[in-house]
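Observations on chain architecture
Now for the letters of each chain:
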Amino acid sequence: MNDSFDIKRWIENPDELLLIAGPCSVESREQFFETSLKLSELHQVNILRGGIWKPRTRPNGFEGIGEKGLKWMKEISRETRLPVMTEVATPQHVELAIKYNIDALWIGARTTANPFSMQQLADSLVGADIPVFIKNPIAPDLKLWIGAFERLASSGLKHLVAIHRGFQDINASPYRNNPRWEIPIELHRQNPEIPIITDISHICGCREILHTTAQKAIDLATNGLMIETHCNPETALTDAEQQITPESLKSLISNLIINKSKSNNADFLLHELRSQIDSIDEELLNLLAKRSKISTQIGDIKKENNLTVLQLDRWNTILSNHIERGKTLGLKEDMIKDIFELIHKDSIDRQL
Ligand code: PEP
Ligand code: MN
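The present account deals with the structure reproduced in this document.

What counts and what doesn't
- Residues numbered from 1 in each chain as written.
- Chains lettered and ligands numbered in written order.
- Predicted model: local features only at pLDDT ≥ 70, side-chain atom pairs only at ≥ 80, totals over all residues.
- Heavy atoms only, no water.
- Helix = DSSP H or I, 4+ residues; strand = E, 2+ residues; numbered from the N terminus.
- Buried < 20%, exposed > 50% of the residue type's maximum accessible area, 1.4 Å probe, protein only.
- Contact = heavy atoms within 4.5 Å.
- Areas by Shrake-Rupley, 256 points an atom, 1.4 Å probe, with all protein chains shown as cover.
- Lys, Arg positive; Asp, Glu negative; His and termini not counted.
- Charge placed at Lys NZ, Arg CZ, Asp CG, Glu CD.
- Donors = N, O, S within 2.8 Å, 3.2 Å for Na, K, Ca; no water.
- Salt bridge = Lys/Arg side-chain N within 4 Å of Asp/Glu carboxyl O.
- Near = heavy atom within 4 Å.
- Polar contact = N/O pair within 3.5 Å; in protein donor to acceptor, adjacent residues only side chain to side chain.
- Pairing = 2+ DSSP bridges.
- Axes fitted to C-alpha atoms, helices over the stretch in contact; angles between N-to-C directions.
- Arc of directions from axis to C-beta.
- Phe/Tyr/Trp six-rings, centres within 6.5 Å; stacked < 30°, edge-to-face > 60°.
- Lys NZ or Arg CZ within 6 Å of the ring centre and 35° of its normal.

Points about the overall build of the chain
Within the chain one finds 14 helices and eight strands. The C-alpha extent of the chain, read off along each of the three principal axes, is 75 × 50 × 40 Å. Per-residue burial for the chain yields a buried fraction of 50% across its 352 residues. Contacts in the chain between residues at least 24 apart in sequence constitute 73% of all its contacts with a sequence separation of at least 6. When the accessible surface of the chain is summed, it comes to about 18,400 Å², and 53% of that surface belongs to carbon and sulfur atoms. If the 41 positive side-chain charges of the chain are averaged to one point and the 48 negative ones to another, these points end up 2 Å apart.

Details of the coordination of the manganese ion (ligand 2)
Bound to the manganese ion (ligand 2) on the protein side are Cys24 (SG), His202 (NE2), Glu228 (OE) and Asp239 (OD), at distances that span 2.1 to 2.4 Å. Of note, the donors binding the manganese ion (ligand 2) are all from one chain and are spaced C-x177-H-x25-E-x10-D. Here Asp239 lies in the loop between strand S8 (224-228) and helix H11 (246-254) and His202 lies in helix H9 (residues 200-204), a separation of 37 residues in the sequence. The pair formed by His202 and Asp239 is uniform in burial state, with each residue classed as buried.

Focus: the pattern of salt bridges
Per the counting criterion, the structure on display carries 19 salt bridges. Its salt-bridge partner being Glu283, residue Arg180 comes within 3.5 Å of it at the nearest N-O pair. Taken together, the positions of Arg180 in the loop between strand S6 (160-164) and helix H8 (182-190) and Glu283 in helix H12 (residues 266-304) put the pair 103 residues apart, joining distant regions of the chain. Look at Arg180 and you get partly exposed, because its relative accessible area is 22%. Here Glu234 ties to Arg207 by a salt bridge, and the two come within 4.0 Å at their closest N and O atoms. Of the two residues, Glu234 is situated in the loop between S8 and H11 and Arg207 in the loop between H9 and helix H10 (210-219); the sequence distance between them amounts to 27 residues. Under the relative-accessibility criterion, Glu234 is labelled exposed at 59%. Residue Arg207 is classed as partly exposed on the basis of its relative accessible area, which comes to 30%.

Some thoughts on the site of ligand 1
As a structural note, the neighbourhood of ligand 1 is formed by 13 residues, with Arg49, Lys54, Ala109, Lys135 and Arg165 the closest of them. One of the side-chain N or O atoms of Arg165 is found 2.6 Å from an oxygen atom in ligand 1. With the chains in place, 97% of the 300 Å² that ligand 1 exposes on its own is no longer accessible.

Considerations on the pairing of strand S1 (residues 18-22)
Extensive coverage of S1 is indicated by the burial of five of its five residues. Of the two faces of S1, the one carrying Leu18, Ile20 and Gly22 and the one carrying Leu19 and Ala21 are both buried. Note: S1 against S8, five bridges, orientation parallel. In the strand pairing of S8, Leu19 is matched with Leu225. Judged from the two bridges that link them, S1 and strand S2 (residues 47-49) form a sheet pairing that is parallel. Note on S2: the bridge partner recorded for Ala21 is Leu48.

So, the side chain of Lys135
Structurally, the position occupied by Lys135 is in strand S5 (residues 132-135). Of the polar contacts made by the side chain of Lys135, one reaches the side chain of Asp199; its length is 2.6 Å. Once you skip the residues sitting within four places of it in the chain, Lys135 turns out to touch Arg49, Trp106, Ile107, Gly108, Ala109, Thr112, Trp145, Ile163, Arg165, Asp199, His202 and Met226.

Here we look at the side chain of Thr198
Within the secondary structure, Thr198 sits in strand S7 (residues 196-199). Using a relative accessible area of 2% as the deciding quantity, one classes Thr198 as buried.

Considering the sheet that holds S8
An order of S1-S2-S3-S4-S5-S6-S7-S8 is seen for the eight strands of this closed barrel, with the pairing classed as parallel. Averaged over all adjacent pairs, the angle separating strand axes in this sheet is 25°, with direction ignored. Those strands touched by helix H7 (residues 142-154) are strand S4 (104-107), S5 and S6, and its axis lies near 160° from that of S6.

So, H11
Every buried residue of H11 is listed here: Pro246, Leu249, Leu252 and Ile253. The buried residues of H11 occupy an angular sector of 110° when projected down its axis, which confines them to one face.

Describing the packing of aromatic side chains
Under the definition given, this model contains zero aromatic pairs. Sitting above the plane of the Phe33 ring, Arg29 keeps its charged end 5.5 Å from the centroid.

Topic: unusual backbone geometry
Of note, the phi angle at Arg180 is positive, near 40°, even though the residue is not glycine. A positive phi angle, near 50°, is found at Asp239, a position not held by glycine. Residue Asp239 is classed as buried on the basis of its relative accessible area of 17%.

Focus on H10
Of all 10 residues that make up H10, seven are buried, and the element is covered over most of its length. Buried residues of H10: Leu210, Thr213, Ala214, Gln215, Ala217, Ile218 and Asp219, and no others. A positive phi of about 70° marks Ala221, the residue just after H10.

Worth remembering: the numbers are spatial, not functional.
This is the structure:
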């Protein structure tokens, strides 16, 4: 047995921070071997990852090395004594991964988003006692994510983990995928038994913000990290911008402050709530920016049509509607009035 690390036991009791590392894609035997060997020498990585079948946005790119890569993964797993995991998106992938004794599977964001695919995977996994990690769907739809867990649980799978990899969003900047931390927090609130790990590589999409994002995930009590690692990131066939070398992984990990206690201490709760406030504020700013762009467009139309900038009827309607709506949401009338007066003033200034 190569399992110096017991994935199932960790899922049952995920006290230690789990570290999954390895390349986005298995590209060649040499690349996977060199990366994995260096990772195993850090003595900090628990599971090696590597994509064998790659979901690419457009055809004719590198779509993964396919079946022969599974053989290399297993060979390298024996050599490094680390368990290996790969992504499955079809029942054929599941069949092959199981045939080659891959230790754990993950389901990608595009697959979680599709209930038909999820059901096919669930059907193909009946009787397979293998740990499965489920990435969040691309869209910020918690029900879809939970539905994927329900489908696999109905197939009798007992060792399931969530991977938070962020959500597609045109306002995601500086991230590749908007983390929307409140969504994994809500998943945890509703399903405290499911460990959640954070795939900072696909959240960030670049190397520069990996460390701060990892620290944030840890401060929000993540159970582990998935970090794409490549022996020569610049030459990677997929996700070159976000992968780091095993050496950089070592320094990233050593610079993290790992919370000693995840229990009910006030500091931790405060931190968690403040992070939620930060995400909400970021969304508010994005929305304000979006609103002001539209109001500039409205200004152009008014100019072209010789209309006055101030349309008093419209402004009265907006204000009274928002005050009423605010009241039903438990917000104070004065506050709503102050905020919308400021927003409206800015809108008018832009149009003058
Ligand atoms: C990956 O892990 O390489 C991958 C394709 O991820 P996601 O499904 O999160 O895009
Ligand atoms: Mn990737």
